[in-house]
Every structure is written in C-alpha cells, then in structure tokens.
Amino acid sequence: MMATPSNNPPLLEVKNLRVEFPTRRGTLLAVDDVSFDIAPGEVLGVVGESGAGKSLTGNAIIGLLEPPGRIAGGEIRLEGRRIDNLPYEEMRKVRGARIGAIFQDPLTSLNPLYSVGRQLIETIQTHLRLSAAAARTRALDLLKEVGIPGAETRIDHYPHQFSGGMRQRVVIALALCAGPRLIVADEPTTALDVSIQAQIIALLKRLCREHGTAVMLVTHDMGVIAETADRVAVMYAGRIAEIGPVRDVVKHAKHPYTKGLMGSIPSLGVRTERLTQIDGAMPRLTEIPDGCAFNPRCTERGARCLVERPNLMAAGTSRAACWLHDRGGVGTPIAKETVDA
Amino acid sequence: MPDGAGTAFVRIAGLKRYFDVSAPWLVRTIEGRPRQIVQAVDGIDIEIAKGETFSLVGESGCGKSTVARLVVGLYPPTAGSIEFDGNDMAARHSRADMAALRRRMQMIFQDPFASLNPRWRVFDIIAEPIRAFGLSKDKADLEKRVGDLLRQVRLAPVDGRKFPHEFSGGQRQRISIARALASQPEFLVCDEPTSALDVSVQAQILNLMVDLQRRFGLTYLFISHNLAVVYHISTRVGVMYLGRLVEVAPTETLFTRPKHPYTRMLLDTIPDLDMTGRQRTPVAGEVPSPINPPSGCTFHPRCPFANDRCKAERPAPLAIEGGTVTCHAIEEGRLPIEDRVYVANS
Amino acid sequence: MVKGSALSGWLHRAADSDVWWSFKSSPLTVSAATVTFLIVAIAFLSPILAPHTPFDPATLSLSDGLKPPAMLSADGDWTFPLGTDDQGRDILSSIMYGTRLSLVVGLASVVVAMALGITLGLVSGYIGGAVDALIMRIADVQLTFPAILVALLIDGVVRGIISVKRHDEIAIYVIVGAIGLSFWVQYARTVRGSVLVEKNKEYVQAARVIGLSPLLIMVRHVLPNVTGPVLVIATINLGLAIITEATLSFLGVGLPSTEPSLGTLIRLGNEVLQSGDWWITVFPGATLAALVLAVNLLGDWLRDALNPKLR
C-alpha cells in the first residue's frame with residue numbers, strides 16, 4: 001500500500017513490532033505495534049520526543065536492545081530474511097556487514113585505546129575477506145571520503161586526537177566500511193555544534209546517495225529530518241502517529257500531534273512571540289490512555305478517540321493514526337483534558 | 001528600542017575572564033611546559049535596557065555561559081566591570097547592600113536534572129531564596145508565597161511536597177523558574193533554559209517566560225545556541241565567537257541584514273523547515289581551541305573574506321544600523337550587506 | 001500536614017522502594033540480617049538474658065574452673081552450658097557481655113571515624129586549594145600504615161602518658177579513639193570525591209547565586225547528597241572495627257581483662273589452649289566470626305542495592 005520511491009521489494013520491513021520491559025511492577029510496552037518499510041537507498045526519518053520509543057525501535061532493528069528489554073512480538077526482515085529472531089552469532093554477522101550503526105556520542109562510540117585505523121581495519125577484516133594491506137587501503141579511502149584532512153597520517157591517530165566533528169566523521173566511516181545496505185543513525189548530530197551539524201548531515205546524505213545505502217535516521221530534531229529524509233515517521237508514546245513523504249508531513253501535517261509539534265518549532269518565516277504549544281506532556285509508559293494515546297491533549301478529539309485506538313490510515317499522500325481521516329469521523333467532539341500544563 | 005548610554009539597566013564593559021588551565025607547577029617545571037591560559041571571555045561590552053530581552057548566541061566554547069556566570073557573580077571577572085542599575089558589582093558594598101543587589105537578579109540553569117537538589121522537597125527549594133533574603137514574616141505567609149509561585153508556573157501548590165525526581169524535565173524547569181522568581185527579581189539570567197527539553201516542552205517554557213516577563217516587567221539575559229528560538233523572543237541579539245562579540249543588533253536587523261561573516265554562517269546553519277529548498281552553504285572548519293586562538297581577528301581561518309589585515313590586527317567594534325559589528329571587511333566596505341527574506345511556513 | 005502522616009508516608013515509600021524489594025528477594029541477605037539482629041539483641045539484652053554475672057568476683061568460685069561444655073561433661077550439668085574458663089567464669093555469659101562490649105566499641109569507633117572523615121572530606125572537597133592538598137597528604141601518609149599499627153601507636157602513646165590505673169578507667173575511650181582515628185581516611189576520600197562532583201552541579205551554583213555562605217551550602221546542600229556511599233563503608237567498617245578491637249585486645253593492648261571483649265576472651269583461652277581446654281577460645285571465636293561475616297554480607301548487599309547502575 002505504501003508508495004515506495006522505486007517498486008523494488010523493500011530493504012527493511014518492520015511488521016507489528018513490540019518491545020517490552022518486564023519490571024517488578026509489571027510489563028511496560030515501550031514500542032507498541034509499529035510497522036514501516038524502508039526502500040533501498042531511501043532515507044527514513046523517525047522523529048519523536050523523549051520517551052516516544054524511537055531509539056528502542058532503532059536498537060531492536062540492530063539487535064542491541066539492552067536486557068531486560070526484549071522484542072515481544074512482530075517481525076523485522078532485512079532483504080526478505082528475518083533478523084529479529086537470529087541467534088547472537090548470526091546477528092553479529094549481519095550487524096556491521098549488512099546494517100551499520102551511528103550513535104549519538106562520538107566520544108564513546110570509538111575505543112579510546114586503539115587507533116582509528118586499527119578500529120577501521122578490524123571491522124573491515126571481520127566482515128570482508130581482505131588482506132591487511134588491502135584493508136588498510138580501504139580504510140584510508142574511507143577516511144578521505146568522509147573528509148578527514150591528512151588521512152595518511154591521521155589513520156594512526158587515537159580518537160582523543162580528533163575533534164568532535166572529526167570523530168563523528170570517523171564513526172560514519174566505521175559504519176560504512178563493510179558496505180552495509182542500511183545504516184541506523186541514532187541522533188548522529190545532537191552532540192555536535194550547530195555549524196558542524198550541517199556539515200555532518202551533508203556528508204551523510206552525500207555518502208549514502210553515492211553508496212546507495214538506506215538510512216534510518218532517528219532523531220528529535222525536525223530540522224535535520226526536513227533536510228535529509230525522503231520520508232518521515234512521527235512516533236508518539238510507542239506508536240507511529242503519522243508517516244509519509246517528508247514535505248507533506250512537515251508542511252501539511254495530518255495528525256494533530258504532528259501539527260502541534262511543527263507549530264512548536266520556532267522558525268524564521270513568521271515572527272510571533274508566542275509559539276503554538278501542546279498542553280500537557282507525553283504520557284508515561286505506565287499511564288498510556290485508552291483509545292488514541294494522544295487524546296487527552298488533542299484539540300480535535302471526539303468520543304470515539306477515547307475508546308477506539310486508531311491504526312494508520314490513508315490521509316492524502318501520508319498515513320496518520322487518527323479518526324479524523326476515517327469516514328466515521330471522531331464522533332461527538334469533546335474538549336481536551338489537559339489545560340495550560 | 002533603546003540602546004542609549006544613559007538608560008542601561010545592566011551595563012557590561014570590557015568584561016574579561018581568563019582561566020588558568022596550566023599543568024600543576026611540578027609537572028611544568030619538570031617537563032618545561034608553558035603556562036596555558038584560556039581566554040574564555042575576552043572583552044565584552046553589552047548594555048541591556050529595562051524590560052528587554054537580550055540574547056547571547058554562539059556555539060560551544062564561545063564563552064556565553066561564562067558571561068552568564070560572571071554577570072550573576074559566580075566567577076569574579078579578570079578585568080572589566082558589571083553595573084547593575086548603576087551599581088558597580090565589583091565595588092565594596094556592605095553585606096546588606098550586596099544582599100539587596102543579589103536579590104534583584106537571579107539565574108535559571110540549563111540542566112533541569114542538576115539544577116534542583118535531589119534531596120530537598122520542592123517547597124524548600126522554592127522557599128530557600130525567600131528565607132535567605134528574609135522576605136517572609138511567618139510560616140503562613142511563606143506557604144502562601146510558595147503556593148502562588150507554583151501556580152504562576154502552572155504547577156499546583158501540592159506539588160511542593162514532592163521531590164524533584166517525581167517531575168518531568170519541563171516541570172523541573174518550571175520549578176527552577178519559580179525558585180528564580182521567589183526573591184522577586186528584576187533581572188533574570190537564563191543559561192540555555194530550554195536546550196535540554198523536547199521541542200513541544202520548549203514551546204511551553206518559552207511561552208511561560210514571555211508571559212512572566214510581561215506580567216512582572218522582567219529583564220532577561222538569554223543565552224542560547226538556538227537561533228530560531230532567539231528570533232522569537234529577543235529584543236536584541238549579540239553573537240559571540242571565541243570569547244568576543246562579533247555582532248550586536250536588534251533582532252529583526254540581525255536576521256534580515258546580517259553583517260559579520262560568522263553571523264551569516266550561523267544563520268545558514270538554521271535548518272530549512274519551511275522547505276524552501278534554500279541552499280545551505282556548509283560552514284568550513286571547526287571552532288578552534290580557545291587555548292591557542294588565532295591572531296588578529298579570531299575568525300579569520302574560517303572566513304572567506306579574510307585578508308592580511310584580518311590575520312594581524314584585531315578589529316574594533318563599529319557602530320552600524322542600530323548595533324555594532326567587529327569586522328574589517330565591513331569596515332572597509334569590502335563586504336556588501338544584503339537583505340535576507342524568510343518564507344513563512346504556509 | 002501532620003507529623004504522623006509524614007512518618008507513615010515515609011514508611012510507605014520505603015516499603016515500596018527498590019531497596020526493600022532487593023533485600024527481600026535475597027535469602028542470603030535476609031539470613032545475614034537475621035543473624036546480626038539476633039546477635040545484637042542478645043548482646044544488648046545480656047544483663048537480662050545471661051545466666052551468670054561473670055565479672056562480679058563475688059559470684060565466682062575457682063572450683064568451677066575449666067569445666068567443659070555441658071553436652072560434653074561427665075555429669076551433664078547445664079549450669080554452665082558452654083563451660084567455664086580458668087577463673088570459673090561462665091563462657092556463655094562472658095560471650096554475651098563480651099559481644100556487647102565489642103559491638104559498643106565497634107559502633108563507637110565507626111561513628112568517630114565517620115564524623116571525622118565526613119567533616120574533613122567535605123571541607124577538603126568544597127574548599128579545595130591548599131586546604132585540600134594538606135588534608136589529602138595527611139590522609140595519604142596515614143594510609144601507608146596499617147590500621148592496626150596506627151591504633152597500636154595511639155594506644156601506646158596514651159599508655160606512656162597516663163598511669164596504669166587511670167588508663168584502665170579510660171581504656172575504652174582510648175580504644176574507640178584509636179580505632180576511629182585509624183579509619184577516617186576512607187570516609188574522607190569517598191566524601192571528597194562525591195563533593196567534587198556535586199560542587200559543580202547547578203543546584204549548588206543556584207545556592208551560591210542566592211548568596212548563601214559556603215558553610216551553609218556545604219552542610220545543607222552538599223552533605224545530604226554525598227552520604228550514600230558512606231553508609232556502605234560504615235557497614236563494612238563495622239566488621240573491621242570489631243576485628244581490630246579484638247586484635248588489640250588479643251595482643252593485650254586493648255581493653256583490660258576485668259571487662260573482656262571477645263578478643264580478650266580469645267586471648268585468655270589461647271593461654272590454656274595447649275592443655276586441651278578448647279572451648280574457651282573456640283566459642284568466642286565462632287561468635288566473632290559469625291558476627292563479622294553477617295555484618296559484611298549486609299554491607300555487600302547494601303552496596304549493590306544502593307548502586308543505581310545494577311538495578
């Protein structure tokens with residue numbers, strides 16, 4: 001049903017994914033029935049605020065969910081093959097070779113005790129059958145591609161000898177070195193200065209286009225998404241609220257949460273002193289309301305929203321989980337609950 | 001929009017703060033290393049009029065947070081002066097006078113998780129300034145004041161009995177604001193108060209701060225790295241780079257007619273949420289280390305318009321169009337100033 | 001808000017907390033806590049529970065001397081369930097009173113060490129500079145000596161100054177002081193580390209902006225946040241303090257034999273061990289081992305329970 005950019009089979013298929021955390025107070029459902037696809041070479045942005053479950057979704061796909069968190073349902077398929085139920089050794093081969101990862105903090109993503117070159121070569125040799133010399137050449141080429149000046153010398157430097165932005169470039173090189181088809185990037189620019197962010201985003205975009213790598217870009221920063229992604233999924237309380245082409249979601253949001261979110265972001269087009277705000281806060285995992293999770297904060301809700309949970313349904317060129325787009329409508333309008341919180 | 005000399009409520013002149021980050025004496029002597037000084041703040045001049053919001057923007061390491069702490073007295077300045085309502089903060093005041101001055105200025109911090117003592121109840125956190133400045137006559141009055149403050153930041157008086165960890169980031173920031181308002185200050189220094197918050201929460205907090213400003217006639221010194229936020233709430237903006245002010249201007253002017261090359265670059269890094277397809281020229285290079293700043297104009301290594309004079313000579317502030325710019329290229333007329341137009345999100 | 005409801009509110013929160021849950025779910029910890037509680041209760045109730053008063057010379061009779069434990073004795077006489085020592089003192093009662101003394105000395109020394117260590121750590125960490133350097137160098141120097149040696153040193157010096165009779169009267173204070181002084185460093189260092197972290201947090205800066213004095217900030221703001229790890233150290237230290245006192249008493253430089261602690265009892269028993277009267281050493285020794293083991297296990301649990309990363 002999704003209009004993918006090309007009509008090839010999707011690279012990544014996530015169907016009805018559920019991630020839960022058993023705690024002594026009961027089981028918390030952090031990702032609740034999430035489904036989406038990523039086409040080869042496409043950049044899908046996954047955006048949401050803290051606690052929405054976007055990082056957990058990314059971790060589940062890479063297979064790095066921290067126990068006691070676990071995948072409780074659904075499936076994840078990479079190039080048609082299921083990867084969510086693989087044993088550790090099998091997943092290890094997939095990770096790195098077919099899926100690369102970029103995390104937020106470049107400081108902790110690299111091992112401070114080994115030189116940058118050694119880490120690159122180690123990853124290359126683990127996944128590709130190359131001699132040491134060939135691996136080193138490949139590492140050098142990658143460093144040049146990501147824009148590290150003086151790569152011949154810097155390949156033997158240690159992470160602490162690089163600045164934050166340079167380190168993140170190395171991390172990108174590391175993610176790309178085994179030639180993965182998909183990269184999961186979790187807040188790759190959040191820890192960087194604003195001017196460096198723009199550089200890194202441009203780099204990521206260019207490289208992925210050149211290598212034909214798809215990207216799942218998880219972030220809370222809508223600006224990064226607007227510039228980088230082809231499609232975007234907006235997550236709220238563990239569910240997808242809206243998913244569609246980035247231009248449509250950003251400029252013509254169909255879900256009230258997305259509308260509110262876009263309104264809260266200060267932009268330079270209009271100068272108002274008062275930003276649009278969504279009253280209240282995202283519910284905690286233990287207190288998710290019945291029906292639509294967003295309903296207590298929604299200005300357009302109706303009786304149906306309190307009892308029936310909406311699934312993603314067609315809304316123009318996007319899909320939104322909102323009864324406003326269903327023929328049946330929302331039922332009798334009801335004023336929103338949270339006021340001025 | 002006053003920027004006149006006589007009406008300044010807060011005047012900062014020639015403010016400098018250097019940090020000595022040298023290795024310990026023994027190490028230096030044995031290894032023959034030189035002293036290392038970080039010039040975190042290297043000569044700042046700012047005037048803030050009563051009731052306005054002056055924003056200080058810049059990237060990490062530019063010294064804006066240090067300026068905030070200098071203004072409230074957390075660090076003593078290495079040089080320069082801070083004048084608050086005509087009083088020189090560095091002069092010898094009696095304890096009572098100093099306390100009276102401190103009462104009138106407060107600070108809001110960036111990290112909602114570290115800015116409240118985790119072992120104290122919210123009531124005590126907010127009551128602390130009231131108690132410290134002796135503003136309350138008795139227990140009943142104190143409780144009423146704290147209750148009112150909580151209500152003003154859109155929390156409930158019963159929240160006073162809880163501990164900080166029972167609140168979300170946005171709510172904690174509201175508690176911080178309530179604490180800052182407890183002493184009925186006139187001037188608030190806000191150090192990136194919304195940077196650690198989600199976007200929708202940020203909108204709530206910013207709206208709250210604007211409402212409070214209007215209600216109580218507050219003056220804000222607002223520190224941020226987020227230019228879009230600054231655009232919405234500031235009267236005037238100052239751009240810092242490596243401890244120096246490169247440009248100061250009224251908000252509209254700064255955004256529609258940026259002058260300094262660094263300001264232009266910063267504006268270019270604001271994401272294009274209006275999907276205009278605006279081409280962003282990626283910024284070249286990275287912020288150099290403040291221990292060894294470049295000579296002359298510190299921006300010259302990254303500046304496409306730098307000439308030999310820029311490498312050798314530190315530029316002086318030039319008054320222009322209601323603000324100041326510190327740039328040789330502007331001064332020499334080499335760099336034309338153009339208008340920028342931003343398309344509204346329709 | 002009534003005081004009573006404040007207490008019950010706290011109890012509710014405590015009962016519901018992760019710490020209590022981790023306690024309940026570890027059988028080892030619960031056993032250790034039970035053993036500790038039993039030993040402490042019996043020791044402090046010894047005036048009521050003990051069958052004899054072994055330190056009142058009037059009740060002793062040498063003819064009762066060196067009787068073996070009741071279950072092994074020829075005549076099955078249970079007057080002295082664990083036997084007697086060479087003076088005719090009942091071992092069971094001696095252990096009860098001795099444990100009480102050991103616990104009192106142990107607890108008191110821990111309190112002294114804590115008070116000294118926390119104060120010095122707080123001052124050192126918050127004020128920094130030369131004061132910090134001085135205190136830490138003193139701590140470093142003291143750490144090069146084993147605690148026993150330090151305690152011996154202090155005790156020896158006092159003995160040298162004060163007459164023997166007077167010394168016996170104040171022996172307990174000297175011992176508490178000596179052991180306390182030999183253990184303060186650990187507390188000081190831990191507290192100093194925590195203070196260095198907390199000092200830069202924004203809530204401390206907020207207090208400084210208000211203009212509070214450093215002393216007020218140290219005591220009201222920083223102190224409550226740095227005492228967590230101290231509790232763990234104190235529990236483990238308690239075992240150490242009891243052992244140290246026992247060692248000192250065993251060596252003959254601790255408490256006088258008129259009021260023996262467990263260590264003294266072990267020493268007394270040691271002297272007649274060769275002749276086969278084993279019960280005088282073994283029972284006090286077993287009690288000491290059980291007590292210290294239980295306290296250490298409790299300390300282990302506490303350290304893990306309070307460590308947020310392990311939860």
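Note that the coordinates shown come from a computational prediction; the quantities given were computed from them, not determined experimentally. (Residues numbered from 1 in each chain as written. Chains lettered and ligands numbered in written order. Predicted model: local features only at pLDDT ≥ 70, side-chain atom pairs only at ≥ 80, totals over all residues. Heavy atoms only, no water.)

## Quick word on the overall build of chain B
Summing up its helical and strand segments, chain B has 12 helices and 12 strands in all. Relative to a compact globule of 346 residues, whose C-alpha radius of gyration would be 20 Å, chain B shows 22 Å and is just as compact. Counting only C-alpha atoms and orienting by the principal axes, one finds that chain B spans roughly 70 × 65 × 40 Å. Out of the 346 residues belonging to chain B, those deemed buried represent 54%. Once local pairs closer than 6 in sequence are excluded, the contacts in chain B between residues at least 24 apart make up 66%. About 14200 Å² of surface is accessible on chain B, with carbon and sulfur atoms providing 53% of the total. A gap of 5 Å separates the mean positions of the 43 positive and 39 negative side-chain charges of chain B. (Helix = DSSP H or I, 4+ residues; strand = E, 2+ residues; numbered from the N terminus. Rg over C-alpha atoms; globule rule 2.2 N^0.38 Å. Buried < 20%, exposed > 50% of the residue type's maximum accessible area, 1.4 Å probe, protein only. Contact = heavy atoms within 4.5 Å. Areas by Shrake-Rupley, 256 points an atom, 1.4 Å probe, with all protein chains shown as cover. Lys, Arg positive; Asp, Glu negative; His and termini not counted. Charge placed at Lys NZ, Arg CZ, Asp CG, Glu CD.)

## A word on the interface of chain B and chain A
The interface is formed by 45 residues belonging to chain B together with 43 residues belonging to chain A. In this structure, the connection of chain B to chain A is made through zero salt bridges. Our count for the chain B to chain A interface comes out at nine residue pairs in polar contact (both at pLDDT 80 or more). At the level of elements, helix H7 (199-216), helix H8 (227-233) and helix H9 (251-256) of chain B are the ones that each hand at least two residues to the side of chain B that touches chain A. Of all the elements, H7 of chain B adds the most residues to the side of chain B that touches chain A, at 11 residues. For the side of chain B that touches chain A, the residue count by class is 19 nonpolar, 13 polar and 13 charged. (Salt bridge = Lys/Arg side-chain N within 4 Å of Asp/Glu carboxyl O. Polar contact = N/O pair within 3.5 Å; in protein donor to acceptor, adjacent residues only side chain to side chain. Nonpolar A, V, L, I, M, F, W, Y, C, P; charged D, E, K, R; others polar.)

## What about empty space enclosed by the protein?
Counted by the stated rule, this structure contains seven cavities of 30 Å³ or more. By volume, the largest cavity amounts to about 80 Å³. Across the lining of the largest cavity, the residue classes break down as 10 nonpolar, four polar and one charged. (1 Å grid on protein atoms, 1.4 Å probe; cavity = no way out; pocket = protein on both sides within 12 Å on 5 of 7 lines; lining within 4 Å. Points joined across faces, edges and corners; volume = space filled by probe spheres on them.)

## Considerations on unusual backbone geometry
Cis geometry marks the peptide bond from Pro67 of chain A to Pro68 of chain A, where omega comes out at 10°. Looking at the secondary structure, you find Pro68 of chain A in the loop between helix H1 (54-62) and strand S4 (70-78). Positive phi, close to 50°, is recorded for Asp85 of chain B, a residue that is not glycine. Looking at the secondary structure, you find Asp85 of chain B in the loop between strand S4 (79-84) and strand S5 (87-88). By relative accessible area, which is 38% here, Asp85 of chain B ends up partly exposed. Of note, the phi angle at Arg154 of chain B is positive, near 65°, even though the residue is not glycine. With respect to the helices, strands and loops of the structure, Arg154 of chain B is situated in the loop between helix H5 (139-152) and helix H6 (169-181). On the accessibility criterion, Arg154 of chain B (23% relative accessible area) is partly exposed.

## Some words on the confidence of the model for chain C
Residues and elements named next belong to chain C. Summarising the model, chain C shows a mean pLDDT of 81, and 88% of its residues fall at 70 or more. Element-level pLDDT for chain C is lowest in helix H1 (residues 3-15), with a mean of 60, against a maximum mean of 92 in helix H9 (residues 202-210). The complex prediction reports pTM at 0.83, with the ipTM value standing at 0.85. (pLDDT = per-residue confidence, 0-100.)

## A look at the packing of H9 of chain C against helix H10 (residues 214-226) of chain C
All names here are of chain C. Close contact between H9 and H10 brings their axes to 11 Å; oriented N to C, the two are set at 170°. Taken together, the axis directions place H9 and H10 in an arrangement best described as roughly antiparallel. Across the interface between the two elements, Tyr203, Val204, Ala207 and Arg208 of H9 pack against Ile217, His221, Val222 and Asn225 of H10. Of the residues in the contact of H9 with H10, the class split is five nonpolar, two polar and one charged. (Axes fitted to C-alpha atoms, helices over the stretch in contact; angles between N-to-C directions. Parallel < 35°, antiparallel > 145°, perpendicular 65-115°, else oblique.)

## Description of the interface of chain B and chain C
If you look at the interface, chain B gives 25 residues, while chain C gives 16 residues. Between chain B and chain C, a total of about 1800 Å² is buried, with carbon and sulfur atoms accounting for 58% of that surface. Linking chain B with chain C are zero salt bridges, by the criterion used here. Taken together, the connections running from chain B to chain C amount to 11 residue pairs in polar contact (both at pLDDT 80 or more). Listing elements by their share of the side of chain B that touches chain C, those giving two or more residues are helix H2 (64-72), strand S6 (105-108) and helix H4 (122-132) of chain B. The residue makeup of the side of chain B that touches chain C, split by class, is 13 nonpolar, four polar and eight charged. (Buried area = accessible area lost by both parts, 1.4 Å probe.)

## A closer look at a nonpolar patch on the surface
A cluster of nonpolar side chains, contributed by Leu38, Ile42, Leu45, Ile48 and Leu49 of chain C, occupies part of the molecular surface with about 470 Å² of accessible area. By secondary structure assignment, the location of Leu45 of chain C is in the loop between helix H3 (27-44) and helix H4 (46-49). (Patch = residues over 30% accessible without salt bridge, like charges linked within 9 Å, V, L, I, M, F, W, Y side chains within 5 Å.)

## A word on the pairing of strand S3 (residues 43-47) of chain A
All names here are of chain A. Most of S3 is tucked away, with five of its five residues classed as buried. Here S3 shows no split at all, with Val43, Gly45 and Val47 on one side and Leu44 and Val46 on the other all buried. Here five bridges tie S3 to strand S8 (residues 214-219), and the two strands are oriented parallel to one another. Bridge pairing in S8 places Gly45 opposite Leu217. (Pairing = 2+ DSSP bridges.)

## As for helix H5 (residues 132-145) of chain A
Residue and element names in this part refer to chain A. The end-to-end C-alpha distance of H5 is 20 Å, a good match for the 20 Å that 14 residues give at a rise of 1.5 Å each. Among the structural elements, helix H4 (116-127), helix H6 (151-154) and helix H7 (164-176) are those in contact with the buried residues of H5. Looking one or two places after H5, you find Gly147, whose phi comes out positive at around 85°. (Expected span 1.5 Å × (residues − 1).)

## Regarding the sheet that holds strand S2 (residues 26-38) of chain A
All names here are of chain A. Spatially, S2-S1-S4-S5 is the arrangement adopted by the four strands of the open sheet, whose pairing is antiparallel. Each end of this open sheet is capped by a strand with a single partner; those strands are S2 and strand S5 (81-82). Pairing geometry for S4 and S5, over two bridges, is antiparallel. Of the residues in S5, the one forming a bridge with Arg77 is Arg82. Where H1 meets the sheet, its contacts fall on strand S1 (12-23), S2 and S4, and the angle it forms with S1 comes to roughly 110°.

## Focus on the side chain of Arg154 of chain A
Take Arg154 of chain A: it is sitting in helix H6. Not counting residues within four places of it along the chain, the set of residues in contact with Arg154 of chain A comprises Ile148, Pro149, Gln161 and Phe162 of chain A.

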